[in-house]
Amino acid sequence: GIGSWGYVEAVAELIDQMGENMPEHVVLATGSGGTMAGLVLGIRVCDDPEYFYNTVSSIVTEMGYVPPEGQELMSVLRRTVKVYQGKGRGYGLSTPEELEFVRSVAVRTGLALDPVYTGKALHHFLNVVVKEEKEIFEGKTVLFWHTGGG
């Protein structure tokens, strides 16, 4: 829970920097759910997406968040966050395609992604999620929140 507070503050900084130009979607890798919990609280609004919803629910409750009157916490979370399964072969196990993606991004942009979390998250988002749910993201501002590694 305590590490999540850093991401609450990070959202405040993002809002300060972006002003009226806030992204419409935020994409990030998540391992324990703590980063997501902090971002969810800041924005306010494993292996299984249900795990992350339950974990984030526990963390934000531990942090003192109370949903608006008449609203269930899990409903608020599901409206605020959509969890996609993008772990690939598993923790620390990357496919040649994922490794090539990480290498290619580094060469083309200078952005270092790690092959365990951020590389898989961005690879899955661009190559699966955006293709399957194009109408959600087309013409929208998307922020990829790089959580470290690389």
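Structure: above.
Enquirer: Now, about the nonpolar core: what can you tell me, with residues and values included?
Expert: Core analysis: the biggest nonpolar cluster contains 15 residues, and Met36, Ala37, Val56, Val60, Tyr65, Leu73 and Val83 have the highest contact counts within it. Looking at this core, the elements that each hand over two or more residues are helix 2 (34–43), helix 3 (49–62) and helix 4 (73–80). In terms of residue count, helix 3 provides more of this core than any other element does, five residues in total. If you look at the next biggest cluster of nonpolar residues, it comprises twelve residues, including Val27, Phe125, Val129 and Phe137.

Enquirer: Explain the packing of aromatic side chains residue by residue, including any values.
Expert: Counted according to the given criterion, the structure contains one aromatic pair. Residues Phe125 and Phe137 carry aromatic rings whose centres are separated by 5.0 Å and whose planes lie at 85° to one another, so their mutual orientation is edge-to-face. Within this pair, whereas Phe125 is found in helix 6 (residues 118–132), its partner Phe137 is found in helix 7 (residues 134–137), the two being separated by twelve residues in sequence. Classification of Phe137 by relative accessible area gives buried; the value is 10%. The side chain of Arg78 reaches across the aromatic face of Tyr53, ending 4.2 Å from its centre.

Enquirer: Provide a residue-level description of the pattern of salt bridges, including the pertinent values.
Expert: Within this structure, the stated rule accounts for three salt bridges. Notably, a salt bridge pairs Lys82 with Glu133, separated by 3.2 Å at the nearest N-O pair. Taken together, the residues span a long stretch of sequence, with Lys82 in the loop between helix 4 and helix 5 (96–109) and Glu133 in the loop between helix 6 and helix 7 at a distance of 51 residues. We classify Glu133 as buried; its relative accessible area is 15%. With its nearest N and O atoms 3.6 Å apart, the salt bridge here joins Lys134 to Glu138. Classification of Lys134 by relative accessible area gives partly exposed; the value is 47%. Residue Glu138 is classed as exposed on the basis of its relative accessible area, which comes to 53%.

Calculation notes
- Residues numbered from 1 in each chain as written.
- Predicted model: local features only at pLDDT ≥ 70, side-chain atom pairs only at ≥ 80, totals over all residues.
- Heavy atoms only, no water.
- Core = buried A, V, L, I, M, F, W, Y, C linked by side-chain atoms within 4.5 Å.
- Buried < 20%, exposed > 50% of the residue type's maximum accessible area, 1.4 Å probe, protein only.
- Helix = DSSP H or I, 4+ residues; strand = E, 2+ residues; numbered from the N terminus.
- Phe/Tyr/Trp six-rings, centres within 6.5 Å; stacked < 30°, edge-to-face > 60°.
- Lys NZ or Arg CZ within 6 Å of the ring centre and 35° of its normal.
- Salt bridge = Lys/Arg side-chain N within 4 Å of Asp/Glu carboxyl O.

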